[in-house]
Amino acid sequence: MLKAEYTLEELITSESFKGWVYGYTSIKERRYWDRWIAESPENRRMALKAQEQLADFSIQPSSAPDTGKSWKELQKRMDQRRFVPQLYHRNQSPLIWTMRAAAGILAILLIGIAVFERNSINDEEGPLALEQLVSKEVVTEYGERKTVRLSDGSSIILNAHSRLNYTVNEASPDEIEIELDGEAYFKVAKRTNPGDSPFHVRTSEGTVKVMGTQFVVSTRNDQTQVILEEGSVAVSSVIGNTETVMEPGQYAELKPESDNIQVKEVNLDVYTSWTTHTLVFDQTPVSQVFSRLENTFGVKIEAQDADLYERRISGSIENFGLEVIVSALSKILDTEMHIDGDAVYAGKYKNNKKRF
């Protein structure tokens, strides 16, 4: 029998619930939590809060490394084959998987690598110097989301199907380099002098130099998009010396092999609402809506009517999973839609799967 209510503390300390989150619980317990999640919107919201806390982690470089010990550890690692544990997978219904996945619930893949460089210094300049860099990688699967808190007080929400590489020099921990492939929301701690403590986000198309701000960077669809919510950032292309300083409410676009940076005013909610479990549309082409869902959930969306891709929609949809979103889109578009494994069909049905 289902328990009517759980507190947040009860969920995050429950071994059964944590097993459901990370995928190692029994079939009986899994079905229990699946039913409890589906019972009510309030249960889903409480589960999302608990999942976010369980998926929240920090990157904190050590303040005083033992360089001798670290050097030995590095040599030892170089002689060993790196082992990366595989994530646990199981069969589950689209409804339950997507409810779970929308909150970012898989185990955290975090690999720390210490890199050392010896600098040649003669006897008059002093003893041999050793510089330590810390590099860590964070990865999200389809439907997963993670929150990363950095040592300088900044935080990052990494969206589904994304990869982030973080590098910091332990001698100057506020100097941070981020390499991004995917989509992330950044809330960067304010820098009094950005030149002294730079925070850079790099993509294949360019670099975002941050001065203490909140913004989104996306590398979806073979281009880099920067959406500035608050503060100030300078965007530069990898080609040429083009640099643009953005203002809040602006959108900048960088394309491969081009030094042109296109800037325009946009509705910020369209680009940032995914961080609050809501999707906002403002005369958004359906083709872009479908593309976002494909990038987030790893599905392929096919429409029987090609004209559907050209339609535009406005409004908001509660983002508690693919099935909830598809159901809402079906009503907005006045089009029958259904989910069949890794495919979503709009229009005529196949295999008589669940319809909306």
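Throughout this document, residue positions are counted from 1 along each chain, in the order its sequence is written. A pLDDT threshold of at least 70 governs which residues receive local features in this predicted model, and a stricter bar of 80 or more applies before side-chain atom pairs are shown or counted, although totals over entire chains, interfaces and linings include all residues. As a convention, hydrogens and water are excluded, and side-chain values are obtained from all of the structure's heavy atoms.

S.K.: Can you walk me through the overall build of the protein in this structure?
M.R.: Counting its secondary structure elements, the protein contains nine helices and 21 strands. For this analysis, residues touch if any pair of their heavy atoms sits within 4.5 Å. Here the analysis covers contacts within the protein between residues at least 6 apart in sequence; of these, 53% occur between residues at least 24 apart. Within the structure as shown, the protein displays about 18700 Å² of accessible surface, and the carbon and sulfur contribution to it stands at 46%. Counting from the N terminus, the helices are DSSP H or I runs at least four residues long and the strands are E runs at least two residues long. For the area figures, the Shrake-Rupley method with a 1.4 Å probe applies, and any residue is considered shielded solely by the protein chains shown.

S.K.: Help me understand the sheet that holds strand β21 (residues 343–346), please; the structure alone is not making it clear to me.
M.R.: Either a parallel or an antiparallel arrangement is found when strands of a sheet pair, and the pairing is made through backbone hydrogen bonds. By the convention used here, strands pair only if DSSP detects at least 2 bridges between them. With respect to topology, three strands assemble into an open sheet ordered β18-β21-β20, the strand pairing being mixed. Either end of the sheet is taken by a strand with one partner, and the two such strands are β18 (300–303) and β20 (337–340). Neighbouring strand axes in the sheet, compared pairwise and without regard to direction, differ in orientation by 20° on average. Bridge count for β20 against β21 is four bridges, and the pairing is antiparallel. In the sheet register, Met337 faces β21, and the bridge partner there is Ala346. Angles run from 0 to 180 degrees between N-to-C directions of axes, and those axes are lines fitted to C-alpha atoms, restricted for helices to the stretch in contact. The sheet contacts of helix α9 (residues 322–333) involve β20 and β21, and relative to β20 the element is tilted by about 155°.

S.K.: How should the packing of helix α8 (residues 286–297) against α9 be read in this particular structure?
M.R.: Each pair of packed helices can be summarised by the angle the axes make with each other and by the distance between the axes. At their nearest, the axes of α8 and α9 sit 12 Å apart, and the two run at 170° to each other. Taken together, the axes of α8 and α9 lie roughly antiparallel to each other. Only Leu322, Ile325, Leu329 and Leu333 of α9 make contact with α8, whose side of the interface consists of Val286, Val289, Phe290, Leu293 and Phe297. Here the term charged refers only to Asp, Glu, Lys and Arg, the term nonpolar to Ala, Val, Leu, Ile, Met, Phe, Trp, Tyr, Cys and Pro, and the term polar to all other amino acids, Gly among them. Along the lines of polarity and charge, the residues of the contact of α8 with α9 split into nine nonpolar, no polar and no charged. When describing relative orientation, an angle under 35 degrees is termed roughly parallel and one over 145 degrees roughly antiparallel, while 65 to 115 degrees is termed roughly perpendicular and anything else oblique.

S.K.: Looking at this structure, how should I read the nonpolar core?
M.R.: Generally speaking, nonpolar side chains in soluble globular proteins are found buried as a group. Counting 33 residues, the largest nonpolar core has Phe290, Leu329 and Val344 as its most contacted members. Those residues in contact with Leu329 that sit more than four places away from it in its chain are Val289, Phe290, Leu293, Ile313, Ile317, Asp334 and Met337. Each nonpolar core is a collection of buried residues, namely Ala, Val, Leu, Ile, Met, Phe, Trp, Tyr and Cys, held together in the definition by side-chain atoms within 4.5 Å. For every residue, the accessible area obtained with a 1.4 Å probe (protein chains only) is divided by the maximum for its type, and the residue is called buried under 20%, exposed over 50%, and partly exposed between those limits.

S.K.: What should I look at first to understand the environment of Ala303 in this one?
M.R.: Within the secondary structure layout, Ala303 lies in strand β18. For Ala303, a relative accessible area of 16% translates into the label buried. Separated by 34 residues in sequence, Ala303 and Met337 have C-alpha atoms that sit 8.9 Å apart. Excluding residues within four positions of it along the chain, Ala303 makes contact with Leu308, Tyr309 and Ala346.

S.K.: What is the right way to read the pattern of salt bridges from this model?
M.R.: A side chain with one charge can pair with a side chain of the opposite charge if their charged atoms come near. When a carboxyl oxygen of Asp or Glu lies within 4 Å of a side-chain nitrogen of Lys or Arg, that pair is called a salt bridge. Taken as a whole and assessed by the stated rule, the structure comprises eight salt bridges. Residues Arg202 and Glu177 are paired through a salt bridge, measuring 2.7 Å at the closest nitrogen-oxygen approach. Taken together, the residues span a long stretch of sequence, with Arg202 in strand β9 (residues 199–202) and Glu177 in strand β7 (residues 172–181) at a distance of 25 residues. Classification of Arg202 as partly exposed rests on a relative accessible area of 33%. A salt bridge links Glu253 to Lys255; the shortest N-O distance between them is 3.7 Å.

S.K.: I would appreciate a short explanation of the packing of aromatic side chains in the present structure.
M.R.: Aromatic ring pairs are reported here in terms of the distance separating the ring centres and the angle at which the planes meet. Ring pairs shown here join Phe, Tyr and Trp side chains whose ring centres sit within 6.5 Å, with only the six-membered ring taken for Trp; geometry is labelled stacked below 30 degrees between planes, edge-to-face above 60, and tilted in between. One pass over the structure, following the stated rule, counts nine aromatic pairs. Taking 6.4 Å as the distance between ring centres and 80° as the angle between the ring planes, the aromatic pair formed by Phe186 and Phe199 counts as edge-to-face. In this pair, Phe186 is assigned in strand β8 (residues 183–187) and Phe199 in strand β9, connecting sequence segments 13 residues apart. The pair Phe186 / Phe199 is uniform in exposure class, with both members buried.

S.K.: Mind showing me how you'd approach the environment of Glu229 here?
M.R.: When you line up the elements, Glu229 lands in strand β12 (residues 224–230). For Glu229 and Thr272, which are 43 residues apart along the polypeptide, the C-alpha to C-alpha distance reads 8.4 Å. Those residues in contact with Glu229 that lie beyond four places of it in its chain are Tyr185, Gln214, Phe215, Pro248, Leu268 and Thr272. A polar contact is formed between the side chain of Glu229 and the side chain of Tyr185, at a distance of 2.4 Å. Residues adjacent in sequence count toward polar contacts only when both atoms are side-chain atoms; beyond that, a polar contact is any pair of N or O atoms within 3.5 Å, and within protein one must be able to donate a hydrogen and the other to accept it.

S.K.: Any chance you could explain α9 here in plain terms?
M.R.: One full turn of an α-helix is made of 3.6 residues, so residues set three or four places apart face in the same direction. The length a helix should cover is 1.5 Å for every residue beyond the first. The terminal C-alpha atoms of α9 lie 16 Å apart, and with 12 residues this matches the ideal 16 Å at 1.5 Å per residue to within 8%. Regarding α9, the residues found buried are Leu322, Glu323, Ile325, Val326, Leu329, Ser330 and Leu333. Buried residues in α9, looked at end-on, bunch into an arc of 160°, giving them a common side. Count one or two residues on from α9 and you reach Asp334, which has phi positive near 55°. In this description, the arc belongs to the directions extending from the helix axis to the C-beta atoms.

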